Amino acid sequence: MADASYPDGLLYHPEHDWAQIDGETATFGITWFAQDALGEVVFFDPPQVGVQVTQGESYAEVESVKAVSDVIAPLSGEIVEVNADLADAPERINDDPYGEGWMVKVKLADAGEQQGLMDAAAYQAQLG
Amino acid sequence: MTPAAPTAPADDQRTIYERSQPGRRAFVAPALDVPARPLDELLPARLRRSAPARLPEVSEPELVRHYHRLSKRNFDLDTGFYPLGSCTMKHNPKLHERVAALPGNARLHPLQDERRAQGALELMWNLQEALGEIAGLPHVSLQPSAGSHGELAGVLLTRAYHEDRGEHRTKVLTPDTAHGTNPATVTMAGYEVVKVGTNADGGVDVDDLRAKADEQVACLMLTNPSTLGLFDPNIAEIAEIVHGVGATLYYDGANLNAIMGITRPGDMGFDIVHFNLHKSFTQPHGGGGPGAGPIAVSERIEPYLPRPQVIRREDDEGAAFLLDEERPKSIGKLRGFQGNYGVFVRSYAYIRSLGAEGLREASEVAVLNANYLLALLKRAGVAEYLPVAYDRLCMHEFVLSGAPMKRELGIRTLDLAKRLLDFGVHPPTVYFPLLVDEALLIEPTETETKETLERFAEIVAAILREAAEDPEIARNAPYSTPVRRLDEARAAKQPVIRQPL
Amino acid sequence: MSTYTSATDADRRAMLDAIGVASVEELFADVPAALRLGRPLALPAGMAEQEVYEHLKELAGRNVSCEDEISFLGAGMYDHYVPSLIDTLTSRSEFLTPYTPYQPEISQGGLQVMFEYQTAISELTGLPVSNASVYEGPSAVGAAAYLAKLTNGRPRVLASRGVHPHSRETLTTLARGYGQTVEEVPLRDGATDLEALTAALSDDVSAVVLQQPNFLGAVEDVAALTAAAKAVGAIVICACDPIPLGVLEPPGAQGVDIAVGEGQTLGNRLDFGGPSFGFFAAAQEHIRKLPGRIAGETVDVDGKRGFVLTLQTREQHIRREKATSNICTAQALNALAGVVYLGWLGRQGLVELGELLLQRTAYAREALCAIEGVEPLHEQPVVREFALRLPGVDVDAVVERLAAEGINAGYRLGRTYPEHADGLLVALTERRTRAQIDRFAEALAGALAAERGAAPAGVGA
């Protein structure tokens with residue numbers, strides 16, 4: 001499992017989720033802190049492509065052996081792609097939470113929502 | 001890291017399917033004593049099975065040896081101390097197996113005419129009466145199959161009660177210390193769960209309860225003593241608040257073993273109580289069932305009890321016992337037939353063995369044993385690493401926190417639990433209740449001796465001393481068990497839940 | 001009085017001293033005085049083991065069990081022979097007395113039994129995933145409908161009238177809680193009416209519930225009924241009697257999504273209705289929504305094969321209000337009896353048992369229907385149970401006459417099927433010999449003749 005890291009260039013939601021903005025779409029995943037708290041991930045239950053997600057609400061579930069956790073959407077929009085590789089290799093969420101462990105790509109609904117998210121420094125300050 | 005795949009399993013790890021050889025058998029069918037007819041005449045080919053189920057092919061000696069050996073890979077209550085909190089692992093009296101196996105019980109068909117099942121119905125009626133007296137509530141249904149099934153019955157009864165009065169309530173309150181079955185049951189019964197906080201003494205946060213109790217609340221589900229092993233002295237006030245908004249008060253009987261003959265849920269104001277006959281009333285746990293979860297209820301809930309009810313009818317020829325299916329307001333059936341009668345036989349035998357005085361003594365000694373073990377674990381060498389979560393006298397069980405142990409010694413509650421296995425002791429319940437960090441919930445029960453409790457306390461102290469020297473020992477425990485720590489993540493990621501054949 | 005405790009007066013004094021209180025009474029200080037019972041429980045005084053045994057023996061002696069009469073009573077539970085080895089194995093304390101296997105390192109026996117059981121149920125039903133058992137048959141039907149509701153959220157459940165009345169009633173009780181309505185699909189000539197089913201189906205149907213063989217003993221055309229249900233995307237639940245699955249096409253091969261059933265016939269005693277176990281098997285896609293415990297294979301840190309409870313995040317102790325079911329206690333000991341029984345029957349034995357039942361049942365149906373005043377209630381194929389009509393007589397009185405001769409004639413269908421007030425459901429197991437069937441036929445003929453002589457025709461019909 002990788003060491004703690006919170007890359008610059010991502011936007012962070014206080015419920016330990018990140019978003020990487022790329023024009024009108026964004027990639028979502030969970031932070032190093034979240035995967036560490038959860039332990040070894042054994043299952044990722046993705047949403048379906050086309051589903052609308054709302055900032056601050058759950059859009060997927062991630063499970064370890066003895067815990068299950070809602071994954072919170074950092075921004076609102078429509079799911080345009082899910083990371084199909086996580087079905088067979090959910091451990092990628094632990095091994096590479098910001099890379100191969102990405103969860104969904106979303107066509108953003110409201111660019112203004114990004115104002116409410118944190119940068120890496122602010123998120124790390126929240127973690128204390 | 002991917003662990004090595006199992007190749008040819010050692011003999012003691014083989015399944016019954018891996019012992020199978022074509023042509024071997026145990027069963028011999030009784031001779032065909034009627035004229036044989038072509039199968040096609042009896043059952044059209046398209047409805048018939050084309051390939052047999054690939055069941056094992058083994059002889060009786062192989063079958064017996066296989067399962068006998070498997071049994072030896074289990075730890076059990078007849079072998080050693082089993083202080084599994086909230087599970088009440090008390091001795092299972094051996095008489096009970098004998099009486100349950102009497103042919104008049106074991107071979108009695110559930111649809112036998114009531115006139116020819118009077119002994120069974122009288123036993124059930126007597127058990128209903130006894131459980132009602134113990135609960136302090138007048139009416140009992142024996143039907144639910146387990147505690148969680150009793151809970152479901154209770155919440156469905158609550159729904160029927162409110163709906164019969166024309167009220168449609170939406171929420172059920174559960175304490176944040178509740179067993180997971182409580183919120184799961186609430187959802188199945190179509191209600192929304194609202195959590196109530198815990199106060200500094202481990203009881204219900206009465207202010208929080210008052211704030212959340214409104215006309216939308218159908219029920220409060222509570223255990224008293226709580227899952228922290230503490231009796232909530234505010235119970236009368238709690239009942240008043242709940243009844244004040246017209247809701248019912250539900251008692252999860254998981255912890256009844258502390259209070260038999262001392263105080264009664266009905267007298268505390270509860271409307272519905274479930275019993276776990278496999279906890280307080282000695283039905284053996286069977287490695288995860290069977291159990292039984294009868295419920296006792298107040299007058300106002302009685303009309304909604306499941307069908308059928310065992311009733312007693314007096315006439316000129318004496319008393320007769322009947323199964324009453326004519327219950328117009330009943331919630332209906334929760335399962336087939338009359339419930340787990342074989343469990344009733346054992347629990348009834350237990351109640352008749354102990355009687356009023358014995359049941360009270362059982363609860364007294366359960367509480368005495370728990371407090372004695374707590375006193376032993378509060379001594380130097382243990383208490384600084386495993387402090388009691390709520391430092392009061394406990395009831396039949398108590399909660400320690402392994403948080404200082406994790407911080408100071410670098411071993412978690414899980415490690416302590418696994419190391420206990422090497423000493424021939426079943427670990428306490430771990431990581432429950434969720435409210436306490438690194439929790440250990442310890443319930444010794446009344447059937448353990450003083451010496452057993454002392455030995456357990458010594459083992460815990462020894463493991464902590466050992467961890468102070470070398471925490472790796474506990475972290476890698478156990479060592480002496482049939483297998484060592486298992487890769488649960490692998491089992492969950494790529495589930496193999498049947499033998500590939 | 002037995003208490004199974006061992007605290008002597010000296011023990012108590014020493015323990016109270018260590019605790020720092022003067023009396024046991026003080027330990028209950030948190031219980032408010034007003035809530036103390038303050039009197040002994042109004043229960044009979046405790047008794048010695050000998051006395052309890054005599055009392056229980058006396059009660060049991062007032063029951064007429066299958067030990068005492070020749071029983072053709074079935075209707076959901078059956079008097080199969082339970083081989084001796086099952087008593088031997090299930091009474092071993094290592095199986096009888098442990099709790100649920102929360103500590104897998106010391107529970108490998110129980111966990112492996114679950115794994116072997118799941119394999120056997122999967123084989124029997126032709127479906128790939130099985131849990132480690134649920135309470136019993138009818139509540140398993142309810143649990144299956146709840147899975148369907150969690151899966152598709154649709155509001156209606158259709159249940160064949162051929163499904164056991166207890167299952168239908170349990171389904172209705174539970175569905176009221178989680179907000180589904182249950183409607184009945186009628187029978188035609190003893191089997192589920194395909195046309196009526198098709199007419200009732202639409203895309204708001206969550207599940208269709210069938211039973212094989214149905215309550216009247218008829219073998220249903222499960223494949224045809226399933227195909228109709230699946231055309232609208234409903235989940236098909238089939239409650240199966242496991243013994244006939246030796247000769248009947250398994251539900252998995254007929255497109256059924258969830259097969260459940262009462263496991264009593266697999267090595268469990270009648271016990272006046274329980275404890276037994278319910279089995280629950282499903283198509284692969286439902287694996288993460290199954291109720292109850294599931295054992296899975298894995299390895300330990302040394303690479304040694306082992307078993308654990310797996311997919312636990314489905315369960316109530318983790319997912320709490322979002323759990324796939326509230327089931328906590330399963331029926332591990334009864335499921336052990338089930339898997340040992342299936343191992344005892346073995347691959348050939350299950351088939352041979354099924355074929356023996358087919359032959360003897362056909363013989364019995366023919367022998368009884370040859371009696372004047374006895375007609376078949378339906379003409380469908382049957383395996384181990386069949387329904388008769390005794391037109392024009394009081395069935396209750398006939399059954400009583402046979403009981404007086406030590407024969408339990410079966411289940412009076414009028415108890416739950418008012419449209420079959422003259423119906424009698426007759427069941428066989430491998431214990432019922434040709435000689436017993438012949439004796440039954442003779443006694444039934446006698447009873448009918450006596451009834452007709454005793455009362456004018458039509459009374460009680």
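Quick note: structure is the one above.
Residues numbered from 1 in each chain as written. Chains lettered and ligands numbered in written order. Predicted model: local features only at pLDDT ≥ 70, side-chain atom pairs only at ≥ 80, totals over all residues. Heavy atoms only, no water.

A. View of the overall build of chain B. Summing up its helical and strand segments, chain B has 16 helices and 12 strands in all. Relative to the globule expectation of 23 Å for 501 residues, the C-alpha radius of gyration of chain B, 26 Å, shows essentially globular dimensions. Classification of the 501 residues of chain B by burial places 67% in the buried group. Residue pairs in contact within chain B that sit at least 24 positions apart in sequence constitute 72% of those at least 6 positions apart. Entry remark: accessible area of chain B is about 16300 Å², with carbon and sulfur atoms responsible for 49%. Across chain B, the 56 positively charged side chains and the 67 negatively charged ones have centroids separated by 8 Å. (Helix = DSSP H or I, 4+ residues; strand = E, 2+ residues; numbered from the N terminus. Rg over C-alpha atoms; globule rule 2.2 N^0.38 Å. Buried < 20%, exposed > 50% of the residue type's maximum accessible area, 1.4 Å probe, protein only. Contact = heavy atoms within 4.5 Å. Areas by Shrake-Rupley, 256 points an atom, 1.4 Å probe, with all protein chains shown as cover. Lys, Arg positive; Asp, Glu negative; His and termini not counted. Charge placed at Lys NZ, Arg CZ, Asp CG, Glu CD.)

B. Looking closely at unusual backbone geometry. Cis geometry is found at the peptide bond from B:Asn224 to B:Pro225, where omega equals 5°. On the secondary structure map, B:Pro225 appears in the loop between β4 (217-222) and α9 (235-244). Here B:Arg307 and B:Pro308 are connected by a cis peptide whose omega angle stands at -10°. One can find B:Pro308 in the loop between β7 (295-297) and β8 (309-315). Positioned with a positive phi, C:Tyr4 is a non-glycine residue whose angle comes to about 60°. With respect to the helices, strands and loops of the structure, C:Tyr4 is situated in the segment before α1 (9-19).

C. Layout of the sheet that holds strand β7 (residues 68-72) of chain A. Residue and element names in this part refer to chain A. Across the sheet, three strands lie side by side as β4-β6-β7; this open sheet has antiparallel pairing. Here the strands that pair on one side only, and so sit at the sheet edges, are β4 (41-45) and β7. Going from strand to strand, the sheet's axes swing by 25° on average, the running direction of each strand aside. (Pairing = 2+ DSSP bridges. Axes fitted to C-alpha atoms, helices over the stretch in contact; angles between N-to-C directions.)

D. Structural detail: the interface of chain B and chain A. Taken together, the five residues of chain B in the interface contact eight residues of chain A. Here chain B and chain A share an interface that buries about 500 Å² over both sides, 56% of which is from carbon and sulfur atoms. Interface area lost by chain B to chain A is led by B:Glu488, B:Ala489 and B:Lys493, which between them contribute 81%. At the junction of chain B with chain A, the criterion picks out two salt bridges. (Buried area = accessible area lost by both parts, 1.4 Å probe. Salt bridge = Lys/Arg side-chain N within 4 Å of Asp/Glu carboxyl O.)

E. The packing of aromatic side chains, seen in detail. Overall, the coordinates contain 23 aromatic pairs over all chains when judged by the stated rule. Where B:Tyr341 meets C:Phe272, the ring centres are 5.3 Å apart and the plane angle is 80°; that geometry is what we call edge-to-face. Taken as a pair, B:Tyr341 in helix α11 (residues 341-377) and C:Phe272 in the loop between β9 (258-262) and β10 (278-282) lie in two separate chains rather than in one. In terms of burial, B:Tyr341 and C:Phe272 fall into one category: buried. Through successive ring pairs, a cluster of aromatic residues spans B:Phe275, B:Phe281, B:Tyr350 and C:Tyr4. Here A:Lys105 stacks its cationic end above the ring of A:Trp102, 4.2 Å away from the centre of that ring. (Phe/Tyr/Trp six-rings, centres within 6.5 Å; stacked < 30°, edge-to-face > 60°. Lys NZ or Arg CZ within 6 Å of the ring centre and 35° of its normal.)

F. Looking closely at the interface of chain B and chain C. The partner chain C presents 193 residues to the 207 residues of chain B that form the contact. Here chain B packs against chain C, burying approximately 17900 Å² in sum over the two surfaces, 60% of which is carbon and sulfur. The three residues of chain B that bury the most area against chain C are B:Arg49, B:Arg107 and B:Ile497, which together make up 5% of that side's buried surface. Linking chain B to chain C there are 21 salt bridges. Of the charged contacts in the structure, one is a salt bridge between C:Asp221 and B:Arg46, with a shortest N-O distance of 3.0 Å. Joining chain B to chain C, the criterion identifies 106 residue pairs in polar contact (both at pLDDT 80 or more). The element contributing the most residues to the side of chain B that touches chain C is α11(B), with 28 residues. Class assignment of the residues belonging to the side of chain B that touches chain C gives a composition of 106 nonpolar, 51 polar and 50 charged. (Polar contact = N/O pair within 3.5 Å; in protein donor to acceptor, adjacent residues only side chain to side chain. Nonpolar A, V, L, I, M, F, W, Y, C, P; charged D, E, K, R; others polar.)

G. Inspection of the side chain of C:Ser325 at higher detail. Its place among the elements puts C:Ser325 in the loop between α11 (316-319) and α12 (332-369). Residue class for C:Ser325 comes out buried when judged on its relative accessible area of 6%. Ignoring any residue separated from it by four or fewer positions in sequence, one finds C:Ser325 in contact with B:Ala184, B:Met188, C:Tyr146, C:Pro291, C:Gly292 and C:Gln316.

H. Main features of the sheet that holds β10(C). Residues and elements named next belong to chain C. Spatial ordering of the open sheet is given by β2-β10-β9-β8-β7-β3-β4, a layout of seven strands whose pairing is mixed. If you trace the sheet from one side to the other, it starts and ends with β2 (129-130) and β4 (181-185), each paired once. Two elements, strand β3 (residues 156-160) and strand β7 (residues 205-212), share four bridges in a ladder whose sense is parallel. Opposite Arg156, over in β7, you have Val205 as the bridge partner. Of the strands in this sheet, β7 and β8 (235-240) touch helix α10 (residues 222-230), which is tilted by about 175° from β7.

I. Representation of the nonpolar core. B:Phe281 and B:Leu377 are the most contacted members of the largest nonpolar core, which totals 119 residues. Here this core gets 21 residues from one element, more than from any other, and that element is α11(B). Those residues in contact with B:Phe281, other than ones at most four positions away along the chain, are B:Leu131, B:Ile134, B:Leu256, B:Met260, B:Phe275, B:Asn276, B:Ser347, B:Tyr350, B:Ile351 and B:Leu359. In this structure, B:Leu63, C:Val205, C:Leu210 and C:Val340 belong to the second largest nonpolar core, which totals 67 residues. (Core = buried A, V, L, I, M, F, W, Y, C linked by side-chain atoms within 4.5 Å.)

J. Up close: the pairing of strand β11 (residues 295-299) of chain C. Residue and element names in this part refer to chain C. In terms of residue burial, β11 counts as a mostly covered element, since five of its five residues are buried. On β11, burial covers both faces: Ala295, Glu297 and Val299 on one face and Gly296 and Thr298 on the other are all buried. Here β11 pairs with strand β12 (residues 305-309) via five bridges, running antiparallel. Residue pairing across strands places Val299 opposite Arg305, the latter belonging to β12. What sits between β11 and β12 in their antiparallel hairpin is a turn of five residues, with Gly303 showing a positive phi close to 80°.

K. Highlighting the pattern of salt bridges. Within this structure, the stated rule accounts for 79 salt bridges over all chains. The partner of B:Lys329 in a salt bridge is B:Asp164, and the shortest N-O contact between them spans 2.8 Å. One end of the pair, B:Lys329, is in the loop between β9 (318-324) and α11; the other, B:Asp164, is in helix α6 (residues 147-164), with 165 residues separating them in the sequence. Since its relative accessible area comes to 44%, B:Lys329 is described here as partly exposed. Classification of B:Asp164 as partly exposed rests on a relative accessible area of 36%. C:Arg161 is the salt-bridge partner of C:Glu184, the closest N and O atoms lying 2.9 Å from each other. One end of the pair, C:Glu184, is in strand β4; the other, C:Arg161, is in the loop between β3 and α8 (165-178), with 23 residues separating them in the sequence.

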